[in-house]
There are 2 protein chains.
Amino acid sequence: MFEKLKDLKTYEAGKPIELVVREFGIKPEEIIKLASNENPYGPPPKAIEKVKNIANQMHRYPDDSFFELKDALSVKFDIKNSNVIIGAGSDQILEFAVHAIAPKKVLMAGITFAMYEIYSKQVGAEILKTKSITHNLNEFYEIYKQQKPEIIFLCVPNNPLGECVDSKEVFEFIEKIDQNTLIVVDGAYQEFASYKDKNKEIKPKDILKYPNVLYTGTFSKAYGLGGMRIGYGIANEFIIQNLHKLRPPFNITTLSLAAAIEALKDEEFVKMGIVKNFEEMEKYKNFAKENGLDYIDSYTNFIVLYIKNSTKIAENLLKKGIIVRNMASYGFEALRITIGKPEENDKLLNTLKGMIS
Amino acid sequence: MFEKLKDLKTYEAGKPIELVVREFGIKPEEIIKLASNENPYGPPPKAIEKVKNIANQMHRYPDDSFFELKDALSVKFDIKNSNVIIGAGSDQILEFAVHAIAPKKVLMAGITFAMYEIYSKQVGAEILKTKSITHNLNEFYEIYKQQKPEIIFLCVPNNPLGECVDSKEVFEFIEKIDQNTLIVVDGAYQEFASYKDKNKEIKPKDILKYPNVLYTGTFSKAYGLGGMRIGYGIANEFIIQNLHKLRPPFNITTLSLAAAIEALKDEEFVKMGIVKNFEEMEKYKNFAKENGLDYIDSYTNFIVLYIKNSTKIAENLLKKGIIVRNMASYGFEALRITIGKPEENDKLLNTLKGMIS
């Protein structure tokens, strides 16, 4: 009955706090979770207040047009309401795109967001990856010319590595690609990258002129609403109309919708989190230098530290209630660590110091 | 780029309160929404309290194993954790099933839940419907024998009509179907049907012995959490494992997960809503009899009243701030009305009385 699913693997999520509580009996309030690139400063206060006020409306389906949220995003990005589709995380926009096209071949970086591959395999697509683990767009273009994939994923900046190609390079690449190939520009961490370096900024408005480019963004990272599953796709109307054909009704919750609308009114809070993120990231870079560790210069809210025996070290951290992401499953010994609050970073680095020295 | 989507239509959701506010300038608190079969008594109080308490955790992804919720459902239904998959509404379980099998043909009742057809068309399936608009299982079997569809949808009780086949009939039907065909038993309104008449009750446990039956249930109706998008599928482990291959990570929100767990601790509240539902439904039946209207005997939280010019009447109700579902799009003149609170039902029936007499 399920023959076509034989080769599918499922996504391995970061270990939730609940699991550590269950497995190691550590108190929830003592656990430090720096594994899933959540905003350590929590959800925007305005979103919290709103959700408390309307918790008694959970029996009501949301306004399925998502009118107010699309409107707020349109104003933010200086685009039209009809250029926006709302998803349960930007993941779901990726899913719509892949299922809508059902590509035979898709192209992505050697190491990049796992869902590109998972969704593509669901429709039986062949996965093409660059040899470079990061985004080498020349290499992307060489493979594109030979293989003509129907979808190309660019993760700008890239998760789970943290590096970022310049937006100029992205647009030069787009210009060279035939209009029958959809280019997905995943901007899940764009708020961080564009703050750190204007050369990395991709304005969703600028992709609208291309008939074959889809930008995706999320409320899960800088906007502190990872648990509420809200993302968006931005593209020309033809693409958006077609993606809507795959959108199930009520694909985000009543509380998610309200929280996202409020979050967009709380830009000061969001900005604060981004500023602190890069201040705190310095601690990790200094730690790496002091201890002779390599790291990837990051344009996101996480950093990859190369550490020998990363599997063992991740396990030992977990036993102490510190959750990070081990990169061994990607084929190299490193940890991906979300930049936390000052006290969380200090505790992690102190604990790690004891393990590697 | 999107050739395969050409013939797809999108689901038409019930009009949300926000739309009526926008279109007719009626105050939100004066609007009566009886269009989407939401629980008029709201979410379970325990769920409201919990959500308020953890609103500051919206930045955290949920425990993607959904361990605690599956555990609670396993206890409730006397099954194993591994027999359960959690979805963003039971809709998403239907989506997983259709996408996992990618059937060439699917079979369903003449008028039934719209998403069966929409998901099936997404994978290019041919839609087979019985001539009977309700569930005539003899007719289902005749079509099955000739056409051998890979999926059969049974909606027990049926939305949007409200009628319900006996569970005995359902199991006799299942016994006759080859194991290569998946039978989906949609129990979204089972809590109502099994309360009204034990002959309609389908215990999820009883379908586990069949290798080809999937039961779906929801927190959207009797459990008062429609806006939170939580449903579940129950089947033998082989089916559940395969459906998990299509489940995106974090497919329900952190607050939805907590709300559902609490709702299962609030069975008294849920029961109260079901009891009142059928008490209040009497008003509609009496109204129909007094006014010479036909209606469909309902095993759900809504009732279908046959009314001439239903399109015009639904529009006039809307202008007065009362939202119901017009059945004209299904090809007959009738209104589907969610059973509301006493005062809502009284106001609707008084208003309707003025329109038909």
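Residues numbered from 1 in each chain as written. Chains lettered and ligands numbered in written order. Predicted model: local features only at pLDDT ≥ 70, side-chain atom pairs only at ≥ 80, totals over all residues. Heavy atoms only, no water.

Here's the deal with the UniProt feature "domain: Aminotransferase class I/classII large" (unreviewed entry) in chain A
Part 1 of the reasoning: Under the present numbering, the feature "domain: Aminotransferase class I/classII large" (unreviewed entry) in UniProt falls on residues 30-351 of chain A.
Part 2 of the reasoning: Between the first and last C-alpha atoms of residues 30-351 of chain A the distance is 14 Å; the span itself is 42% helix and 15% strand. (UniProt positions renumbered as here; feature names shortened; annotations may be inferred. Helix = DSSP H or I, 4+ residues; strand = E, 2+ residues; numbered from the N terminus.)

A closer look at the side chain of D64 of chain A
Residue and element names in this part refer to chain A.
Part 1 of the reasoning: Structurally, the position occupied by D64 is in the loop between α2 (45-53) and α3 (67-77).
Part 2 of the reasoning: Look at D64 and you get buried, because its relative accessible area is 11%.
Part 3 of the reasoning: Here the side chain of D64 touches F250 through a polar contact of 2.6 Å, landing on its backbone nitrogen. (Buried < 20%, exposed > 50% of the residue type's maximum accessible area, 1.4 Å probe, protein only. Polar contact = N/O pair within 3.5 Å; in protein donor to acceptor, adjacent residues only side chain to side chain.)

Describing the sheet that holds strand β4 (residues 126-129) of chain A
Residue and element names in this part refer to chain A.
Part 1 of the reasoning: Reading across the sheet, the seven strands line up as β2-β8-β7-β6-β5-β3-β4 and stay open at both edges, with mixed pairing between neighbours. At either end of the open sheet lies a strand with only one pairing partner, and these are β2 (84-87) and β4. For this sheet, the mean angle separating the axes of adjacent strands, direction not counted, is 20°.
Part 2 of the reasoning: In the sheet, strand β3 (residues 105-108) pairs with strand β5 (residues 151-155) via two bridges, with the strands oriented parallel. Its bridge partner being in β5, V106 is matched across the sheet by I151.
Part 3 of the reasoning: In this fold helix α7 (residues 167-176) packs onto β5, β6 (182-186) and β7 (213-218), with an angle of close to 175° to the strand it touches most, β5.
Part 4 of the reasoning: The strands touched by helix α10 (residues 237-244) are β2, β6, β7 and β8 (231-234); relative to β2, the strand with the most contacts, the crossing angle is about 30°. (Pairing = 2+ DSSP bridges. Axes fitted to C-alpha atoms, helices over the stretch in contact; angles between N-to-C directions. Contact = heavy atoms within 4.5 Å.)

Let's talk about the state of the cysteines
Residues and elements named next belong to chain B.
Part 1 of the reasoning: Evaluation of the coordinates by the stated rule reveals zero disulfides over all chains.
Part 2 of the reasoning: No disulfide involves C155; its sulfur sits 9.0 Å from the nearest other cysteine sulfur, which is in C164.
Part 3 of the reasoning: Overall, C155 belongs to the buried group, its relative accessible area being 3%. (Disulfide = S-S within 2.5 Å.)

Re the interface of chain B and chain A
Part 1 of the reasoning: At the junction of the two partners, chain B supplies 74 residues and chain A supplies 74 residues.
Part 2 of the reasoning: Buried area between chain B and chain A, summed over both chains or domains, comes out near 6,200 Å², and the portion from carbon and sulfur atoms is 65%.
Part 3 of the reasoning: Joining chain B to chain A, the criterion identifies two salt bridges.
Part 4 of the reasoning: For E38 of chain A, the salt bridge goes to R60 of chain B, with nearest N and O atoms at 2.6 Å.
Part 5 of the reasoning: Between the two partners, chain B and chain A, sit 18 residue pairs in polar contact (both at pLDDT 80 or more).
Part 6 of the reasoning: If you list the elements that add at least two residues to the side of chain B that touches chain A, you get α1 (17-24), α2 (45-54), α4 (90-101), α5 (114-122), α10 (237-244) and α11 (254-263) of chain B.
Part 7 of the reasoning: For the side of chain B that touches chain A, the class distribution of residues is 35 nonpolar, 23 polar and 16 charged. (Buried area = accessible area lost by both parts, 1.4 Å probe. Salt bridge = Lys/Arg side-chain N within 4 Å of Asp/Glu carboxyl O. Nonpolar A, V, L, I, M, F, W, Y, C, P; charged D, E, K, R; others polar.)

As for the side chain of N345 of chain A
Part 1 of the reasoning: Mapped onto the elements of the fold, N345 of chain A is located in helix α14 (residues 342-356).
Part 2 of the reasoning: With near-sequence residues (within four places) excluded, N345 of chain A lies in contact with L34, E280, K283, Y284, T338, I339 and G340 of chain A.

A short note on unusual backbone geometry
Part 1 of the reasoning: A cis amide bond links V156 of chain B to the next residue, P157 of chain B, at an omega of -5°.
Part 2 of the reasoning: Within the secondary structure, P157 of chain B is located in the loop between β5 (151-155) and α7 (167-176).
Part 3 of the reasoning: Of the consecutive residues N159 of chain B and P160 of chain B, the connecting peptide bond is found in the cis state with omega at 15°.
Part 4 of the reasoning: Tracing the backbone through its elements, the reader meets P160 of chain B in the loop between β5 and α7.
Part 5 of the reasoning: Backbone geometry places N37 of chain A, a non-glycine residue, at a positive phi of 55°.
Part 6 of the reasoning: In this fold, N37 of chain A is placed in the loop between β1 (32-33) and α2.
Part 7 of the reasoning: The phi dihedral of F250 of chain A falls on the positive side, at around 55°, and the residue is not glycine.
Part 8 of the reasoning: Mapped onto the fold, F250 of chain A is located in the loop between α10 and α11 (254-263).
Part 9 of the reasoning: Taking the relative accessible area as the measure of exposure, F250 of chain A reaches 8% and is therefore buried.

Regarding the domain arrangement of chain A
All names here are of chain A.
Part 1 of the reasoning: When the domains of chain A are assigned, the result is domain 1 (3-42 + 268-356) and domain 2 (45-266).
Part 2 of the reasoning: The C-alpha-based centres of domain 1 and domain 2 are spaced at 24 Å.
Part 3 of the reasoning: Counting from both sides, the interface comprises 29 residues of domain 1 and, opposite them, 31 residues of domain 2.
Part 4 of the reasoning: A combined buried area of about 2,700 Å² lies between domain 1 and domain 2, and 68% of that area is made up of carbon and sulfur atoms.
Part 5 of the reasoning: Linking domain 1 to domain 2 there are one salt bridge.
Part 6 of the reasoning: One salt bridge in this structure joins K196 and D297, with 3.1 Å as the shortest N-O distance.
Part 7 of the reasoning: Where domain 1 meets domain 2, there are 11 residue pairs in polar contact (both at pLDDT 80 or more).
Part 8 of the reasoning: Breaking the side of domain 1 that touches domain 2 down by element, the ones donating at least two residues are α12 (267-290) and β9 (302-306).
Part 9 of the reasoning: For the side of domain 1 that touches domain 2, the class distribution of residues is 14 nonpolar, nine polar and six charged. (Domains from an automatic or database assignment.)

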